[in-house]
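Chain residues, written in single-letter form:
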Amino acid sequence: MTASSVEQLRKDGNELFKCGDYEGALTAYTQALGLGATPQDQAILHRNRAACHLKLEDYDKAETEASKAIEKDGGDVKALYRRSQALEKLGRLDQAVLDLQRCVSLEPKNKVFQEALRNIAGQIQEKVRYMSSTDAKVEQMFQILLDPQEKGTEKKQKASQNLVVLAREDAGAEKIFRSNGVQLLQRLLDTGEPDLMLAALRTLVGICSEHQSRTVATLSVLGTRRVVSILGVENQAVSLAACHLLQVMFDALKEGVKKGFRGKEGAIIVDPARELKVLISNLLELLTEVGVSGQGRDSALTLLIKVVPRKSPKDPNNSLTLWVIDQGLKKILEVGGSVQDPPGELTVTANSRMSASILLSKLYDDLKCDAERENFHRLCENYIKSWFEGQGLAGKLRALQTVSCLLQGPCDAGNRALELNGVMESVIALCASEQEEEQLVAVEALIHAAGKAKRASFITANGVSLLKDLYRRGEKDSIRIRALVGLCKLGSAGGTDFSMKQFAEGSTLKLAKQCRKWLCNDQIDAGTRRWAVEGLAYLTFDADVKEEFVEDEAALKALFQLSKSEERSVLFAVASVLVNCTNSYDCEEPDPKMVELAKYAKQHVPEQHPKDKPSFVRARVKKLLAAGVVSAMTCMVKTESPVLTSSCRELLSRVFLALVEEFEDRGTVVAQGGGKALLPLALEGTDVGQTKAAQALAKLTITSNPEMTFPGERIYEVVRPLVSLLHLNCSGLQNFEALMALTNLAGISERLRQKILKERAVPMIEGYMFEEHEMIRRAATECMCNLAMSKEVQDLFEATGSDRLKLLVLYSGEDDELLRRAAAGGLAMLTSTRPSLCSRIPQVTTHWLEILQALLLSPNQELQHRGAVVVLNMVEASSEIASTLMESEMLEILSVLAKGKESPVMRAAAACLGKAVEYGLIRPSQDGK
C-alpha cells in the first residue's frame, strides 16, 4: 500500500510539474518521501525536487536535492546534470564541470551533455583570461593612485574611476581583494584627499557587496572604528560614501553570501551577530562625539533606522532593538535634545532632531510587550529628570527640547514626559521669557503638545490665550510663526467637520493668509518657513482655506520650492497640505439611517463643507497640476532621508491617486515624471500606501502606452504592484483596474507575460474569471486571452482534467458581447497554437456547435472573425471534426459568409470550405466555387 501511495504521489507531482505548478509538485514529492520510499524511489524524488527548485530559481536547494539523489544513486545521470545546472547558476563553474564530465562519461552520445560541457568550458576559459588580464591592471592602478608625483592629474582620476568600475563586477572585486587591495585602499583613505577617499570607499562597496567573508576581512583590516569615523568628516560627499559602504556592510552581514566564490567562504568563520553589534555600538558612540559633523550624525541615525528595527512584525526576534535601547537610548535622546549650532553643543543639522524622533519612534514600535515599553518610558523619564532637576535653566531647556523630540516621535513617551512634575509649568513660564532661544524651545514644546490635546487638556484650557498673546505681541517672526502654528493646531481640532469650528468666522482664513505670507517671504530662512507649512497642514482641513490656497500661485510655488530644498523635515507637512487640498484622506459616507437616529438622540452629526463636493475637488486638482505639483512630488519621492517615512510615503501615494482620477489628467502626470515616482511608492511603505500607489499605476497603465509611461526596464517593475491588487483584501475596483492594466502589459511582449507568470498571477486571474461582477469577469477573461500567447499558459489549457477550455467555450456563448469577444479571442489563439485542443471542444459541452454558429451569425465583425478562425482551426486539425461541422448548419453559414465582401471573415470561411473539399466531405459547385 505504501509503495502504491509513493508511486501515485510521484505521478501527481509529475502532472503538476508539467502544468507549471512547481510548488504543488514539490509538495507532492515531499509527501512521497515521507511515506518510507525505497532508496531508488528516494533518488528519483530528490532529483525531481531538484528540478522544481531549478524552475523556482532556488539554486542552493536545487544543488542540495540533487546531491541527495546522487548519494542514493551515484550513477543517476539526471541528478548529476541538474546539480551541474544549479552549480553553474551559483557561479561554481569548477564544480559544475566535474558533474558534466561524469554525465558525458556515463552517456557519451548525449548531445545535450556535450553541448553543456562545451559551454561551461568556454565560460571557465573566459574567466581565467579575464582574471589574468586583470592582475596587471589592478597593480598598475594602485601604483598610479599611490604615486605622490601624480597628484591631481587626469591619469590619477581615470585610474580611480577604473578601480571603482572593476570592483562592481564580482570577479573584479575578488581580484582586488586577493591582490592585497584592502591594505592598499587603506593607504588611500589615510591620504585624507577627498577624491582618493571617495575612490577607496566606492571600491570597498564593490568588495563588500553581498559577500560576508570579504566584509568581515575588510572590517578586520581597516578597523570598525576607523570605517565608522569616516562618517563624521566635514566633506559631505565622503560622508555619504562612507554611509553607503556601511549600509552595504550591514546588508552583507545580515544576508550572508548571495553570489560567487562560495567555495572560499569557509576561509573566515565569524558570528555575523557579533560583528553587527560592534558596528552598531560604534555608530551609537559616534552620535555623541564632539567634532563629528552634523551630516555624519544624521547619516549614523539613518543607518540605525534602517538596520536596527525588525523588517516585519512576523519576525519574533527584536533582541537587537532591546540591546540598542539599553546601550544607546540616552545617546539618541542627547541628539534629539540638541539645538542647532550653539557653542559647546553637539553639531547638528536642521534634520537631526527629526531623524532622532523617527529612530525613537521605530524603536518604540518594535517593542512587543508592556514590560519592554515600560522600560523605554523609564529610561526616557530618567534622562529628562537628570536634566530638569538640579541643572539650572540650561538643563530645563535641554529637557524640554528632549520632550519635543519625543512628542514628534513616540508620542506616548512624550505625553508621559509632559506629565512629569513641573514640565508643563516650565513650558508656560518660558514662553514669557525675553530671551529668544528660551522662547523658541518653550513655544515648540507647547506646539508639539498641542497636537496631543486629548492627553493634555491643560494646554487646551490655557494654551490658546498664551499663544494669541505671543502671536500678537511678539517682536520676532520666529516666535510669532511658531505661536501661529500652535493656534492652527488648536483651531483644526474639528478636522473636516464643517459644524465643529473652534474659532470665530473668518479667523482660520486670517491665520492661513498670514501663513501664506510667511511662506512666500524669501528673506526668512527655510527652517522658519517650514513652520508656516506646518500651520497650513492643519488649516487646510477647512475647505475655504483650501480654495484660497490653490488660487495663490505664489504660495504654491513657494511650497513646491521648499519641498525641494535641503529642509527635509518639511516633507510630511507638504504632503499633508496636498492630501487635504485633494481630499485624498479616507472619508466614509455616513449611513442615512444612522444620521437620522443621531439627530433624534441629539448627538453631533459631522457635516461636509459645501466646497468639499467633488466638483470643487476636481477644480483644485486641476490647479495643482497646472502649478507643477507632480514634479515637486517626484523630487520628494527621490529624497534619501529618514524623514521620508512610511506615513509620508502613504500621503504622497494618496495624492498621486487623486491626481490620476480623471482620464484627461493622466497625460500631465506621466509627462512630469509621475509614473517613475509611483514605482518606489508601490514597492515600499505602509500597506495602504502601497495599494494606493499600485492603483494609480494601474490607472496610468490602462489609459496610456505602458512602453512610453515606463520606458526601458522600468516596465517590468510595474507588474508586481499590479499583481498585488489582485488579492482578495483589495476592493472590486482595484481588482478590475489591475486586470485591465495586466491585460495591456500581457499584450506587449513575451518577456512581460513571463514576468506576470513569475509573479504567480495566473491562479488569481483564473479565480476572477468566475467572479459574479460582469466587468471583473470580463477583464479577467481578456487578461487570460492575452496570456494565452505564452507556452506555459497553453500547457495549462492542454493539461488533462482541466476545465479551463470548457469555461472559454461557454463564455463564447454568453449574452455579454465584450465577454464573448474576449473568450472567443482566447479560443482562436489556443486552437491556432495547440491543434490538440480542437478535438476537445466538442467534448466540453453539448452546446459547442450552437455557440460557434452564434459567433459566425453575429452582426459584430470581430466576433464573426474570431468564430471563423476557431472553426477553420478545427477543420484543419481533423477530418472527423470537419465532417461533424459540414453535416450541420455550419456548412450553410460558411457558404453564405464565403460569398460575402472581401474580408478576413470571408477568407476564413472560404478556407474552411476549401479544406472540406480537400477532405472529400463536400464538392465544389458547377462554377468551381
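Just so you know, these numbers come straight off a predicted model, no measurement behind them. The residue numbering used here restarts from 1 in each chain and proceeds along that chain's sequence as written. Whole-chain, interface and lining totals are the exception, using all residues; otherwise, since this is a predicted model, local features are given only for residues with pLDDT of at least 70 and side-chain atom pairs are given and counted only at 80 or more. Only heavy atoms go into the side-chain values, all of them from the structure, while hydrogens and water stay out.

### Thoughts on the overall build of the chain
Working step 1: When helices and strands are counted, the chain shows 53 helices and 0 strands.
Working step 2: Remark: exposure states derive from per-residue accessible area (1.4 Å probe, protein chains only) relative to the maximum for the residue type, with buried under 20%, exposed over 50%, and partly exposed in between. Sorting the 929 residues of the chain into buried and exposed places 53% on the buried side.
Working step 3: Considering only residue pairs separated by 6 or more positions, the chain has 68% of its internal contacts joining residues 24 or more positions apart.
Working step 4: Here the accessible surface of atoms and residues is derived via Shrake-Rupley with a 1.4 Å probe, and residues count as covered only by protein chains that are part of the display. Looking at the chain as shown, the accessible area adds up to about 43300 Å², and 50% of this sits on carbon and sulfur atoms. Each helix is a run of H or I in the DSSP string that is no shorter than four residues. Each strand is a run of E no shorter than two, and both are numbered from the N terminus. The criterion used for residue contact is that any of the two residues' heavy atoms lie within 4.5 Å.

### Considering the nonpolar core
Side chains of a nonpolar character, in soluble globular proteins, are inclined to be buried together.
Working step 1: Here, nonpolar core refers to any group of buried Ala, Val, Leu, Ile, Met, Phe, Trp, Tyr and Cys residues whose side-chain atoms link them within 4.5 Å. With 251 residues, the main nonpolar core has Leu519, Phe656 and Leu659 as its most contacted residues.
Working step 2: For this core, the element with the most residues is helix α14 (residues 236–255), which contributes 10 residues.
Working step 3: Residue contacts for Leu659: discarding those within four places in its chain leaves Val621, Leu625, Val629, Val630, Met633, Asp665 and Val669.
Working step 4: Grouped together as the second largest cluster of nonpolar side chains are 9 residues, Val6, Leu26, Leu45 and Cys52 included.

### With respect to the UniProt feature "repeat: TPR" (unreviewed entry) in the chain
Working step 1: Per the UniProt record, the feature "repeat: TPR" (unreviewed entry) sits at residues 77–110.
Working step 2: For residues 77–110, the end-to-end C-alpha separation is 11 Å, with 79% helix and 0% strand making up the annotated structure. UniProt positions are given in the numbering used here, feature names are shortened, and annotations may be inferred rather than shown by experiment.

### What about the environment of Tyr538?
Working step 1: Looking at the secondary structure, you find Tyr538 in helix α27 (residues 526–539).
Working step 2: When its relative accessible area of 24% is taken as the criterion, Tyr538 is described as partly exposed.
Working step 3: Once the C-alpha coordinates of Tyr538 and Gly486 are considered, the two residues, 52 residues apart in sequence, prove to be 9.7 Å apart.

### Some points on the confidence of the model for the chain
Working step 1: On average, the chain scores 83 in pLDDT, and the residues at 70 or more come to 88%.
Working step 2: pLDDT expresses, on a scale from 0 to 100, how confident the predictor is about each individual residue. Ignoring residues within four places in sequence, the model shows residues 494–502, a span with pLDDT below 50, making 21 contacts including any to other chains.

### Thoughts on helix α20 (residues 392–408)
What sets the pattern is the α-helix's 3.6 residues per turn: residues three or four places apart point alike.
Working step 1: For α20, with 17 residues, the first-to-last C-alpha span of 25 Å sits near the 24 Å given by 1.5 Å per residue.
Working step 2: Extensive coverage of α20 is indicated by the burial of 12 of its 17 residues.
Working step 3: For α20, the set of buried residues is Gly395, Leu397, Arg398, Ala399, Leu400, Gln401, Thr402, Val403, Ser404, Cys405, Leu406 and Leu407. Each residue after the first adds 1.5 Å to the expected span of a helix.

### As for the packing of aromatic side chains
Working step 1: When the centres of two rings from Phe, Tyr and Trp lie within 6.5 Å, Trp using its six-membered ring, the rings pair. Their planes under 30 degrees apart give stacked, over 60 give edge-to-face, and anything left gives tilted. Per the stated rule, a full pass over the model turns up 3 aromatic pairs.
Working step 2: Centre to centre, the rings of Phe17 and Tyr22 are 5.1 Å apart; their planes meet at 65°, and the pair counts as edge-to-face.
Working step 3: The partly exposed category is assigned to Phe17, whose relative accessible area is 24%.
Working step 4: Ring geometry for Tyr81 against Phe113: centres 5.2 Å apart, planes inclined by 45°, an arrangement best described as tilted. Of the two residues, Tyr81 sits in helix α5 (residues 77–89) while Phe113 sits in helix α7 (residues 111–145), which places them 32 residues apart along the sequence.
Working step 5: Here Tyr81 falls in the partly exposed class, since its relative accessible area comes to 21%.
Working step 6: A relative accessible area of 6% means that Phe113 is categorised as buried.
Working step 7: A cation over a ring is seen here: Lys396 above Phe388, with NZ or CZ 5.0 Å from the ring centre. Each ring is checked for a lysine NZ or an arginine CZ that lies within 6 Å of its centre and within 35 degrees of its normal; such an atom marks a charge sitting over the ring.

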